Structure formats: C-alpha cells, structure tokens
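Inside the fold
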Amino acid sequence: MYAQVTTASLTAQLIKRGMRTRAIPNIAPINPATPRLWGPAYTLRYIPMREDLGTGASMASPENPQRKAIEVAPAGHVIVADTHGMDTSGTFGDILVARLRVRGVAGIVSDGPMRDIAELRKMDFPVFTTGNAAPPSYGSMIAVDAQVPIGCGGVAVFPGDIVIGDPDGVVILPSAIAEDVARDAVEQDRIEAYIRQRIENGDSIVGVYPPNEKTQAEYREWLQGKG
C-alpha cells in the first residue's frame, strides 16, 4: 500500500481530515530514477554549529547523533533531518549514504542540502533534499539529538510517523492514522485512473471530475469488470 500510493492523493485525503500541514515543501529526489520512498521516520535534529564543538574528535565520536544514526537507524526506516533550513553545508555525503544503503535504510529526507551530489545521483537510494552544498555538515551545523519530535521544512515529524516520497514531494503521515489515510488514497488513485481514461476518451469533466453518483456507480461496474 505505501509502496504505490501517491503523495497527491495522500494530501487530498489528509485535507479531508482537516490536516493541511503534512507535505514538506521545496524538496525533491536527487536521483530522478529513485523517486519512491516509504518507511517509518527516524528523526535527526541539528542546530547551528558552535566552533568549539566542531572538532574532528567530536565529529568522529560514535556518540555523535549523526554518526550514531548511520549505524543504528533500523532497516526500512527513513532518516528525516531537521536542519532548520541551513543551506551552507551538506547534511550527508556519499560515504555516509553508502553506509545507510548497505544497512538497508530506506532513504533520507532533509530540509537542507546534500554534498557529493554527483555521486549521490549514481546511487540507487532515495535522497530527498533542497539542493547541494560543498562543505561538510559541521561547516555550519551540528547534530544534537535523534528520535525526538522535529520540524522538517516546517512540518512536525515524530519518530515512527510514516514517510512517503514520490516525484511530487514528501508527505508525513501521523502513525495513528497512516494506514487509513493510505488505504483511502489508494482508492482515490484507482478511481482517478478510471476518470482519466474517461477524459482521454472524450468525456467532459462535468459530473466526471469530481465524480457524481452516476460516475461513481459506473466506476464500480468498471471495477467489477476488471475483477
């Protein structure tokens, strides 16, 4: 279900439930060939760098939240990074991403840029970000916490929330309602595929998009015929 549902339909279903703040703006996949992403969130929080903390020893410490996340984020989870939109250094680079890929982590979402973009574009691994930057993360920020509530691109993300990414962007589903929202969104995608077929065959959008009762009944008949 999560593997096929679109963020467009997810956001529509969330709006029906009164939730309009679940889509992270202004991010996109680095590699256009890896636009699908889904899994529970493993959160990582950064703050602006303080120079006395930006030492080699501090950055290399196994207890550094960023480095620890590389080794302990569970397989199938998505690392979601809150950089407060700092755009002068890269959240991750190709070596750290390679380690995540080998460990089975599902992908990364960051509201800041990444580095080693040319190498990341070659990887079969979903990385959603705002762009690129040459300096390493500790050039401007430091990871201070993990698995706590964060704000990624202005969107509240709690550990375990379901992260869905596709070419339209990334949506964060509250874990308590994720399955219900996704199930309804899959149905919306299905009926919209039927509607598009009708439109491409020459039908007017009137009464078809959005579907009135007659169109919905015709859709159900079409669906039964496919079964």
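I will try to describe carefully the structure that is included in this document. Model, not experiment: these values are computed from the prediction. (Residues numbered from 1 in each chain as written. Predicted model: local features only at pLDDT ≥ 70, side-chain atom pairs only at ≥ 80, totals over all residues. Heavy atoms only, no water.)

**Points about the nonpolar core**
To keep it simple, the criterion reads: For the purposes of this section, nonpolar cores are sets of buried Ala, Val, Leu, Ile, Met, Phe, Trp, Tyr and Cys residues that join through side-chain atoms within 4.5 Å. Throughout, exposure labels follow a simple rule: accessible area from a 1.4 Å probe, protein chains only, divided by the maximum for the residue type, with under 20% read as buried, over 50% as exposed, and the rest as partly exposed. In this description a helix means any DSSP run of H or I spanning at least four residues, a strand means any run of E spanning at least two, and both kinds are numbered starting from the N terminus. Residues are treated as being in contact if the distance between any of their heavy atoms lies within 4.5 Å.
Membership of the largest hydrophobic core comes to 23 residues, with the highest contact counts inside it found for Ile 79, Phe 92, Val 97, Leu 100, Ile 108, Met 114 and Phe 125. Sorting elements by how many residues they give to this core places strand E3 (residues 37–48) first, with 3 residues. Not counting residues within four places of it along the chain, the set of residues in contact with Ile 108 comprises Leu 37, Val 78, Ile 79, Phe 92, Val 97, Leu 100, Met 114, Phe 125, Pro 126, Val 127 and Phe 128. The next biggest cluster of nonpolar side chains, apart from the first, holds 17 residues, and it includes Ile 24, Val 78, Val 109 and Ile 150.

**Re helix H1 (residues 7–16)**
The condition is simple: What the arc covers is the set of directions going from the helix axis to the C-beta atoms.
The complete set of buried residues in H1 reads Thr 7, Ser 9, Leu 10, Gln 13 and Leu 14. The arc that holds the buried residues of H1, viewed along the axis, is 160°, so those residues lie on one side. One or two steps after H1, the chain reaches Gly 18, where phi turns positive at roughly 80°.

**Notes on the pairing of strand E11 (residues 169–173)**
In plain terms, the rule: Strand pairing is defined by DSSP finding a minimum of two bridges between the two strands.
A large share of E11 lies buried, amounting to 5 of its 5 residues. The two faces of E11 match: Gly 169, Val 171 and Leu 173 on one face and Val 170 and Ile 172 on the other face are all buried. With 2 bridges connecting them, strand E1 (residues 23–24) and E11 associate as antiparallel partners. Residue Ile 24 lies in a different strand from E11, and its bridge partner there is Val 170.

Scope: geometric values only; no functional claims are made or implied.
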